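The chain contents come next:
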Amino acid sequence: LLYKMKKDSKVVTLVAGVPTNIGFTKDKRERAGKQFVDVGIAEENMVAMSSGIAKNGGTAVFGTFAPFLQRTYDQISHDLCLNDSPATMLVLKPGVYGMNSNTHIALCDIQMFAHIPNLIYLAPTSKEEYNQMFKFATTQKEHPVGIRVPAKFIETGVEDTTDYSIYNKNKVEQKGEKVAIFAVGQLITMAKEVAKKIKEEEGLDITVINPRFLSGLDEQLLDSLKENHKLIITIEDVELMGGYGQNIASYYGEDDIMVKNYGISKAFHTDFDADELLA
C-alpha cells in the first residue's frame, strides 16, 4: 500500500481505530501522510467514506478485523455495493482461525458478504494468491472487491498469475474422479491431506478444488464434474448454514450426485481451539 501511495496520490487507505492491524505503525502512518485516514472506532464511516473516494476516481482500500465489519453491513450493502463503488475491503482474520471469543468471532463472513449484489468476494489459499487478488482489486474499476485475509498465510513459492477479472472461475488443484472436495481458503491444506490419504489407502485419485470466488459458482466446472463424479464434499471454516457449500448442494439439487457439506455449527462459540471446533 505504501508503494502504491507513493506512485499514485489518489490511493487512500482507511482504518477504524486499529491502524496496526494492516501494518500501519506510527512511522508508516507518517510516511503515508494524508493518504492514510483513521476514522476512529467508526467502521460505518470508514466504509461510506471509502465508497465516496472510489466513486470519485480514487483507489480506496479499507480493512479491519472481520468481527468489526458486522456493524457495517448497512454501509457495505447500501453505500458501497448499491453504488457499485470499486473499493477494496480487507476482511482480516475471518473464520475459525481468527479471534475466538464470542464478542470477537467471525464465523459468518461468507453469509454476510457473498450474497450482496455487485460485491466480488475472494478467498485466497496462499500469500501468492492474496498478492494477485489484491493487485486485481486495487486496479480494476468495475466492482467492490472483498478479500478474506487469513490469520496466517501459506507460502507456495509459486507466483499466481490468475486473471481474476474472469469471475467465478475455480482452480482445480488436483484432478481425479468419483469424489471432489471444494475447500475454502486455508482449508485447502486439509483437502490435499485427505486426497493423499485416500490415494494411499484406496488407490484412488480424487479431485481437489480451490473455489477462490465465494460470491458466485463456477457452473461450467460443476457441470463437468457430473461426468465422472458421484460425491461432492465442501469444507469451510465458518458456519455451515447459509455458507458457500450449500450453494453447491442447491445447484446439484436435480442431479444424480451426492453432496455433503461440512462447516461450523450454528452457535456463539467461544474460547475454542480452532482444530477442535473443526473436528
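Look up a bit, the structure's there.
Just so it is clear, the structure is predicted and the values come from calculations on it, not from any experiment. (Residues numbered from 1 in each chain as written. Predicted model: local features only at pLDDT ≥ 70, side-chain atom pairs only at ≥ 80, totals over all residues. Heavy atoms only, no water.)

1. Considerations on the overall build of the protein
Our working rule: For the purposes of this entry, the term helix denotes a DSSP run of H or I that reaches at least four residues, the term strand denotes a run of E that reaches at least two, and both are numbered from the N terminus. A radius of gyration in this sense is built from C-alpha atoms; the matching globule rule multiplies 2.2 Å by the number of residues raised to 0.38. The buried label goes to any residue with under 20% of its type's maximum accessible area, the exposed label to any with over 50%, and the partly exposed label to all in between, with areas taken from a 1.4 Å probe on protein chains only. Residue contacts follow a heavy-atom distance rule, with two residues in contact if any of their heavy atoms lie within 4.5 Å. What sets the accessible areas is the Shrake-Rupley method with a 1.4 Å probe; for residues, cover comes only from the shown protein chains. Note that His is not counted, nor are the chain ends; the positive residues are Lys and Arg, and the negative ones are Asp and Glu. Lysine's charge is taken at NZ, arginine's at CZ, aspartate's at CG and glutamate's at CD.
When helices and strands are counted, the protein shows ten helices and eleven strands. For the protein, the C-alpha radius of gyration of 19 Å lies close to 19 Å, the compact-globule estimate for 279 residues. Taken across its 279 residues, the protein has 50% of its residues classed as buried. In the protein, the share of contacts with a sequence separation of at least 24, taken over all contacts with a separation of at least 6, comes to 78%. Surface summary for the protein: the accessible area is close to 13,500 Å², and the carbon and sulfur share equals 50%. Computing the positive centroid from 30 side-chain charges and the negative centroid from 38, the protein places the two 7 Å apart.

2. What about the pattern of salt bridges?
Two side chains of opposite charge can pair, provided their charged atoms sit close to one another. What counts is decided by this rule: Salt bridge, as applied in this entry: a Lys or Arg side-chain nitrogen positioned within 4 Å of an Asp or Glu carboxyl oxygen.
This model, assessed by the stated rule, comprises eleven salt bridges. Put simply, K199 and D205 hold a salt bridge, and the shortest N to O gap is 3.3 Å. Owing to a relative accessible area of 40%, K199 belongs among the partly exposed residues under this scheme. Exposure remark for D205: the relative accessible area of 35% places this residue in the partly exposed category. For D223, the salt bridge identified is with K226, shortest N-O distance 3.3 Å. A network of salt bridges, in which partner residues are shared, links D109, R148 and D237.

3. Quick word on the environment of E201
Its place among the elements puts E201 in helix α7 (residues 188-202). Judged by relative accessible area, E201 falls into the exposed class, the value being 55%. With 185 residues separating them along the chain, E201 and A16 place their C-alpha atoms 50 Å apart.

4. So, helix α3 (residues 43-55)
Residues that lie three or four places apart on an α-helix share one face, since the helix turns once every 3.6 residues. Note the cut-off: In this analysis, the expected span of each helix is defined as 1.5 Å times one less than the number of residues it contains. Think of the arc as the fan of directions from the helix axis to the C-beta atoms.
The terminal C-alpha atoms of α3, which comprises 13 residues, lie 18 Å apart, in line with the 18 Å expected from a rise of 1.5 Å per residue. Within the sequence span of α3, burial applies to E43, M46, V47, S50, S51, I53 and A54. For α3, the arc enclosing every buried residue in end-on projection is 165 degrees, short of the 170-degree limit, so these residues lie on one face. On its buried face, α3 is in contact with β1 (11-15), β3 (59-65) and α4 (73-81). Of the residues flanking the end of α3, it is G57, one or two places downstream, whose phi is positive at about 95 degrees.

5. Considering the side chain of S51
Structurally, the position occupied by S51 is in helix α3. With a relative accessible area of 4%, S51 lands in the buried category. Beyond its immediate sequence surroundings of up to four residues, S51 is in contact with D79, L80, N83 and S85.

6. Let's talk about α4
Those residues of α4 that fall on the buried side of the exposure criterion are Q75, I76, L80 and C81. Looking down the long axis of α4, one finds its buried residues gathered within 140 degrees of arc, a one-sided arrangement. Residues of α4 that are buried make contact with α3, β3, β4 (88-92) and α5 (109-113).

7. Notes on the packing of α3 against α4
Stated formally: The axes used here are C-alpha line fits, helices contributing only the stretch in contact, and every angle between their N-to-C directions lies in the interval 0 to 180 degrees. Orientation categories follow fixed angle ranges, with anything under 35 degrees roughly parallel, anything over 145 roughly antiparallel, 65 to 115 roughly perpendicular, and all other angles oblique. Take the far helix as the reference: if the near one is turned anticlockwise from it by less than a right angle, the crossing is left-handed, and if turned clockwise, right-handed.
α4 packs onto α3 with a crossing angle of 10 degrees between their chain directions and a minimal axis gap of 9 Å. Taken as axis vectors, α3 and α4 run roughly parallel relative to one another. Every pair of crossing elements has a handedness; the one defined by α3 and α4 is right-handed. On α4, the residues touching E44, V47, A48 and S51 of α3 are Q75, I76, D79 and L80.

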